[in-house]
Amino acid sequence: MNNDTIIQLSVWQVLFGYVFVVFILWILNRRGIKREKTLILATLRMTVQLVVMGLLLTAIFDNPSPFVTFGVVLLMVGFSVLTVFRKFKDDLTPSLKKVIMLSLPTGGLIALFYFVFIVVQIEPYYNPQYLIPMTGMIIGNSMTGLTLGIHTLLNKFTDQKDEVIESLVLGATPKEASHDIINQAFDSAIMPTLNNMLGMGIIFLPGMMTGQILSGVVPTTAIMYQIGVMLGILGGVSLSTYIFLIFGYKTFFNQDSQLIDG
Amino acid sequence: MFRLKEVKYKDILNIDDLTIKQGKITCIVGESGAGKSTLLKLLNKMISPDEGEIVYKDKKLKDYDAVALRKSVIYLSQKPYIYKKTIKDNLMKAASFHRLNVTDETMEKMLKQVKLTQSLGHDASKLSGGEAQRLALARVMLLKGEVYIMDEPSSALDDETEDLVISMVVDFVKKNQLSLVMITHSKAVAKKYGDILIEIAKGEVKGVESLE
């Protein structure tokens, strides 16, 4: 980072940013929209969480250690799995949960490690300044993509139940009977990432690149990182969703190739 | 060919002992809700019994691989699902599950047999109820099954077409020396085409009658 070129923000300067919150509070109050509590809670949580994270990252960056860095990486992966579980609550069967516990860490970490160790070639291998933010981006996006894939898979197995049963009746294996559903689920998982890539650089400047440019990194370097990280995200989303789907569809069938009523 | 012994499925079916013979046309009659469809689904393992044993060709049904069994024991449900694609796609899909290569000519011949006049490229989702049922019939007759189990294959057809379609199915089965187990709502149809009549009421076999 090039601290010379950054305009350092003081606490007072940041406080000026909260003017927007006051303004929205005024609108909510005036129009009788009952969202004041959520707005205040969201603002407080964002502030506290980021301050804590900032202090934590500073401590981790000042004392780099492989145990701490990979501990944080694993913690982030664990939280991403829990977030997926929470989102679907009772819709996930225990066997589908196991598949998620396998696919998200495997797909996300393969993409992450490929990106940091083979593409960027970070040194030392546990450099937290690279590993932690990259984990956030790759695992976070993998989780979002996977969530869409799970959502589609669950919905389609309900909506297209008759079609799946007919295929089984006609002698299809569960894999053949689920073929279209698996494709639709994969497509829905990667579409947002693809749309993101289509608009990137024209409609919006991605957050990481903007951050790097603000920190004084020359745009060409920032772009190289952005391209790399986007490909890493695409890899993470695709891999974790693919692993999830090739094992996940099986949980909808029993050993007699019958669709399990859910 | 099939032997069912003390088979129970939920509160729907309770069969002490039933034999379904090979090479015969077996008709099943009974009130709606009597358990006829459940019986057929048990035969190709779309469902499994809670208790009892089903034997197919001297081997317990539970020891068969379900997918392989369904390629031999072909089931046509009362309201078969028609894929929202063309007629050709519907036929090809079923054939692909059985690893069969079918030509356009074979498919056209099959459509003719079931009295469907639409072309192969016709959108199958636009077919009427009766036409869809005949397409489903053509779809299963393309497959090389040994036993055909059909749940009222003519329920959506008028009397005239019904007679035509059933006689065509029966011809197909006899010509290829296959077995047919068919649910029908009409005893007259059963008596005209069947070799054996099984009557089911309240989930139990009430009678087995030879019609030969």
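For every chain, the first residue of its written sequence is number 1, and the numbers climb from 1 along that sequence. Each chain takes a letter, starting from A, and each ligand takes a number, starting from 1, following the order in which they are written. Residue-level local features of this predicted model are given only where pLDDT is at least 70; pairs of side-chain atoms are given and counted only at 80 or more, and the full residue set underlies all totals for whole chains, interfaces and linings.

Q: How would you explain the overall build of chain B if you had to name every residue and give the values?
A: Where helices and strands are cited, they refer to DSSP runs of H or I of at least four residues and of E of at least two residues respectively, numbered from the N terminus. Scanning chain B for helices and strands turns up seven helices and 10 strands. As defined in this context, the radius of gyration uses C-alpha atoms, and a globule is described by 2.2 Å times the residue total to the power 0.38. The C-alpha radius of gyration computed for chain B amounts to 17 Å, which stays within 12% of the reference 17 Å derived for 212 residues, consistent with globular compactness. Structurally, chain B occupies a C-alpha span of about 50 × 35 × 30 Å along its principal axes. In this description, a residue-residue contact is defined by the distance between C-beta atoms placed from the backbone, which must lie within 7 Å. The contacts of chain B with a sequence gap of at least 6 include a subset with a gap of at least 24, amounting to 72%.

Q: Outline the overall build of chain A, listing residues and values.
A: In terms of helices and strands, chain A carries 11 helices and zero strands. Helices and strands appear in chain A in the N-to-C order α-α-α-α-α-α-α-α-α-α-α. Buried residues are those with 20 or more other C-beta atoms within 10 Å of their own C-beta, exposed residues have 12 or fewer, and partly exposed residues lie in between; C-beta atoms are placed from the backbone. By the burial criterion, 29% of the 262 residues in chain A qualify as buried. Looking at chain A alone, contacts between residues at least 24 apart form 75% of all its contacts between residues at least 6 apart.

Q: So what's going on with the domain arrangement of chain A? Residues and values would help.
A: It is common to give the size of an interface as the accessible area lost on bringing the parts into contact. Residue and element names in this part refer to chain A. As used throughout, domain bounds are those supplied by an automatic or database domain assignment. Here chain A is partitioned into domain 1 (1–63) and domain 2 (66–252). Here the C-alpha centroids of domain 1 and domain 2 sit 28 Å apart. In this assembly, seven residues from domain 1 lie in contact with eight residues from domain 2. All amino acids are sorted into three groups, where Ala, Val, Leu, Ile, Met, Phe, Trp, Tyr, Cys and Pro are nonpolar, Asp, Glu, Lys and Arg are charged, and the leftover types, Gly among them, are polar. Across the side of domain 1 that touches domain 2, the residue classes tally to five nonpolar, two polar and no charged.

Q: Could you give an account of the nonpolar core, naming the residues involved and the relevant values?
A: Residues Leu137(B), Ile149(B) and Val181(B) are the most contacted members of the largest nonpolar core, which totals 110 residues. Looking at this core, the element that brings in the most residues is helix 6 (residues 128–159) of chain A, giving 11 residues. In plain words, the nonpolar core is the set of buried Ala, Val, Leu, Ile, Met, Phe, Trp, Tyr and Cys residues that C-beta atoms within 7 Å link up.

Q: Now, about the sheet that holds strand 1 (residues 2–9) of chain B: what can you tell me, with residues and values included?
A: All names here are of chain B. Two strands make a pair as long as DSSP finds a minimum of two bridges between them. In spatial order, the strands read 2-1-4-5; together these four strands make up an open sheet with antiparallel pairing. The two strands at the open ends of the sheet, each matched to only one other strand, are strand 2 (13–20) and strand 5 (59–60). Across five bridges, the pairing between strand 1 and strand 4 (residues 51–56) is antiparallel. Note that in strand 4 the partner of Arg3 across the bridge is Val55. Note on geometry: axes are lines fitted to C-alpha atoms, helical ones only across the stretch in contact, with angles between N-to-C directions running from 0 to 180 degrees. Against the sheet, helix 1 (residues 36–43) engages strand 1, strand 2 and strand 4, with an angle of about 120 degrees to strand 1.

Q: Tell me about the interface of chain A and chain B, and name the residues and values.
A: Each partner contributes to the interface: chain A provides 14 residues, whereas chain B provides 16 residues. The biggest single contributor to the side of chain A that touches chain B is helix 7 (residues 161–169) of chain A, with six residues. Its residues assigned to classes, the side of chain A that touches chain B shows four nonpolar, five polar and five charged.

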